[in-house]
Protein chains: 2
Amino acid sequence: MALSQDFAAPRSPRAGCALCEASGGVLVAQAQRWRVIRAEDAAFPAFYRVVWREHVAEFGDLDADARVHCMTVVEAVERTLRERLAPTKINLAALGNVVPHLHWHVIARFDWDSHWPQPVWAAPQRTVEPTPLARLGTSLAALDAAVFAALAHLAD
Amino acid sequence: MALSQDFAAPRSPRAGCALCEASGGVLVAQAQRWRVIRAEDAAFPAFYRVVWREHVAEFGDLDADARVHCMTVVEAVERTLRERLAPTKINLAALGNVVPHLHWHVIARFDWDSHWPQPVWAAPQRTVEPTPLARLGTSLAALDAAVFAALAHLAD
């Protein structure tokens, strides 16, 4: 199956689940089992999410094969951000307290960003000028395209 | 190799790295490639970390086999916490902004905990009485032993 850039609901959506009913961000790539979106966060422009398409709450709800596949997708997004942006650090997280539908945050962090070295969910540490997007050194369209290209061979 | 409960430094420690030089918490189990520690956090008593023994900063610095193995360990800790505690949610994260040595946070979250539904790194939402430990319904010694048992077949 080729990657798509159109959202399609899972086969067994959970009523009222925000990630069953909509993409949850800019849809970068959708495959049979997962999609990658870009969160639209001005403070962290290189903030992507790997969303498992079917509604499961926990990483451990996936079978072993699916867990491996899921983390292969996460690692491909991580690698693309490292290659394109040389961030100070990558942050990975699967929390889901508010939206308990499995999704992995993949966030490029920089020592100049508003929350560094705290997690993005902590209190901001500073204001950032010029804007984070201006400091990335690439356009989001180019970054999305690089993520899409890195995922092409993982579509299934 | 059998699991140990004694800390041993990695073969190639990074000078000044807190997770190369010490366990980083209560050492629950150590294998050849990883160890599991319990963070001593009164607000989140069921807070474990899977620490990769050799010093690498990013998940993607591991080769594919090691990534699979690492997440198998993470999932085993997650599964144990779910079976023993029936938490509201599991939170997983590899951040490493302050200590850039690969470690996965595995945290049992409850809808009564001090930060719920926010991440543990955000601002607290409430005070918790009685103590979180008293509300767990099990001792930390019993929980550590269950985690150790779940990891025994993964030692390598």
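Use the structure listed above.
On a predicted model such as this, the values are computed, not experimentally measured, just so you know.

Rules of the game
- Residues numbered from 1 in each chain as written.
- Chains lettered and ligands numbered in written order.
- Predicted model: local features only at pLDDT ≥ 70, side-chain atom pairs only at ≥ 80, totals over all residues.
- Heavy atoms only, no water.
- Contact = heavy atoms within 4.5 Å.
- Buried area = accessible area lost by both parts, 1.4 Å probe.
- Salt bridge = Lys/Arg side-chain N within 4 Å of Asp/Glu carboxyl O.
- Polar contact = N/O pair within 3.5 Å; in protein donor to acceptor, adjacent residues only side chain to side chain.
- Helix = DSSP H or I, 4+ residues; strand = E, 2+ residues; numbered from the N terminus.
- Nonpolar A, V, L, I, M, F, W, Y, C, P; charged D, E, K, R; others polar.
- Pairing = 2+ DSSP bridges.
- Axes fitted to C-alpha atoms, helices over the stretch in contact; angles between N-to-C directions.
- Parallel < 35°, antiparallel > 145°, perpendicular 65-115°, else oblique.
- Left-handed = near helix turned anticlockwise from the far one by under 90°.
- Buried < 20%, exposed > 50% of the residue type's maximum accessible area, 1.4 Å probe, protein only.
- Core = buried A, V, L, I, M, F, W, Y, C linked by side-chain atoms within 4.5 Å.
- Phe/Tyr/Trp six-rings, centres within 6.5 Å; stacked < 30°, edge-to-face > 60°.

Some words on the interface of chain A and chain B
Every contact between the two is made by 31 residues of chain A and, on the other side, 30 residues of chain B. For the pair chain A and chain B, the summed buried area comes to about 2,600 Å², and 56% of that belongs to carbon and sulfur atoms. Among the residues chain A hides against chain B, the three largest losses belong to Glu 58, Lys 89 and Asn 97 of chain A. Together they make up 24% of the total. As a salt-bridge pair, Glu 75 of chain B and Arg 67 of chain A come within 3.7 Å of each other at their nearest N and O atoms. Here chain A is connected to chain B by 20 residue pairs in polar contact (both at pLDDT 80 or more). Among the secondary structure elements, those contributing two or more residues to the side of chain A that touches chain B are α2 (64-85), β4 (89-94) and β5 (103-109) of chain A. Of the residues contributing to the side of chain A that touches chain B, the split by class is 17 nonpolar, six polar and eight charged.

Here's the deal with the sheet that holds strand β3 (residues 47-52) of chain B
The strand order β1(A)-β2(A)-β3(A)-β5(A)-β4(A)-β4(B)-β5(B)-β3(B)-β2(B)-β1(B) describes an open sheet built from 10 strands, whose pairing is antiparallel. This sheet does not close on itself; its edge strands, each paired only once, are β1 (26-30) of chain A together with β1 (26-30) of chain B. Adjacent strand axes in the sheet meet at a mean angle of 20 degrees when their direction is disregarded. As judged from the five bridges shared by β3 of chain B and strand β5 (residues 103-109) of chain B, these two strands associate in the antiparallel manner. Each residue of the ladder has a partner; that of Val 51 of chain B, found in β5 of chain B, is His 103 of chain B. Across the face of the sheet, helix α4 (residues 140-151) of chain A comes into contact with β1, β2 (34-38) and β3 (47-52) of chain A while running at roughly 20 degrees to β1 of chain A. Lying over the sheet, helix α4 (residues 140-151) of chain B contacts β1, β2 (34-38) and β3 of chain B, oriented at roughly 20 degrees with respect to β1 of chain B.

Description of the packing of α2 of chain A against α4 of chain A
Residue and element names in this part refer to chain A. It is the contact of α2 with α4, at a shortest axis distance of 9 Å, that shows an interaxial angle of 135 degrees. The orientation of α2 relative to α4 falls into the category oblique. In this structure, α2 crosses over α4, and the sense of that crossing is right-handed. Residues Val 73, Ala 76, Val 77, Thr 80, Leu 81, Arg 84 and Leu 85 of α2 touch α4, and the partners they reach there are Leu 143, Ala 146, Val 147, Ala 150 and Leu 151.

So, the pattern of salt bridges
Under the counting rule described, the total for this entry stands at 18 salt bridges over all chains. A salt bridge links Asp 113 of chain B to Arg 109 of chain B, with the shortest nitrogen-to-oxygen separation between them at 2.7 Å. By relative accessible area, Arg 109 of chain B is classed as buried at 0%. Among the charged side chains, a network of salt bridges with common partners joins Asp 61 of chain A together with Glu 78 and Arg 82 of chain B.

Focus: the nonpolar core
Grouped together as the largest cluster of nonpolar side chains are 78 residues, with contacts concentrated most on Trp 104 and Leu 151 of chain A together with Trp 104 and Leu 151 of chain B. Ignoring anything within four residues of it in the chain, the contact list for Trp 104 of chain B reads Met 71, Leu 92 and Trp 104 of chain A together with Tyr 48, Arg 49, Val 50, Phe 59, Cys 70, Met 71, Val 74, Ala 93 and Ala 94 of chain B. Counting six residues, the second-largest nonpolar core is a separate cluster that includes Leu 19, Leu 27, Ile 37 and Val 51 of chain A.

A look at the pairing of β2 of chain A
Residues and elements named next belong to chain A. By the criterion of burial, β2 is predominantly enclosed, with five of the five residues buried. By the alternation rule, side chains of β2 split into Trp 34, Val 36 and Arg 38 and Arg 35 and Ile 37, which are all buried. In sequence, β1 turns back onto β2 through a hairpin of three residues.

Looking at the packing of aromatic side chains
Evaluated as defined, the whole model comprises six aromatic pairs over all chains. Seen in terms of ring centroids, Trp 104 of chain A and Trp 104 of chain B are 5.5 Å apart; in terms of plane orientation they differ by 85 degrees. Their pairing is edge-to-face. Placement of Trp 104 of chain A in strand β5 and of Trp 104 of chain B in strand β5 is noted, with the two residues assigned to different chains. The burial state of Trp 104 of chain A is the same as that of Trp 104 of chain B; both residues are buried. Measuring from centroid to centroid gives 4.8 Å for Phe 110 of chain B and Trp 112 of chain B, while their planes differ by 10 degrees, and the two rings are stacked. Taken together through their ring pairs, the aromatic side chains of Phe 59 and Trp 104 of chain A together with Phe 59 and Trp 104 of chain B make up a single cluster.

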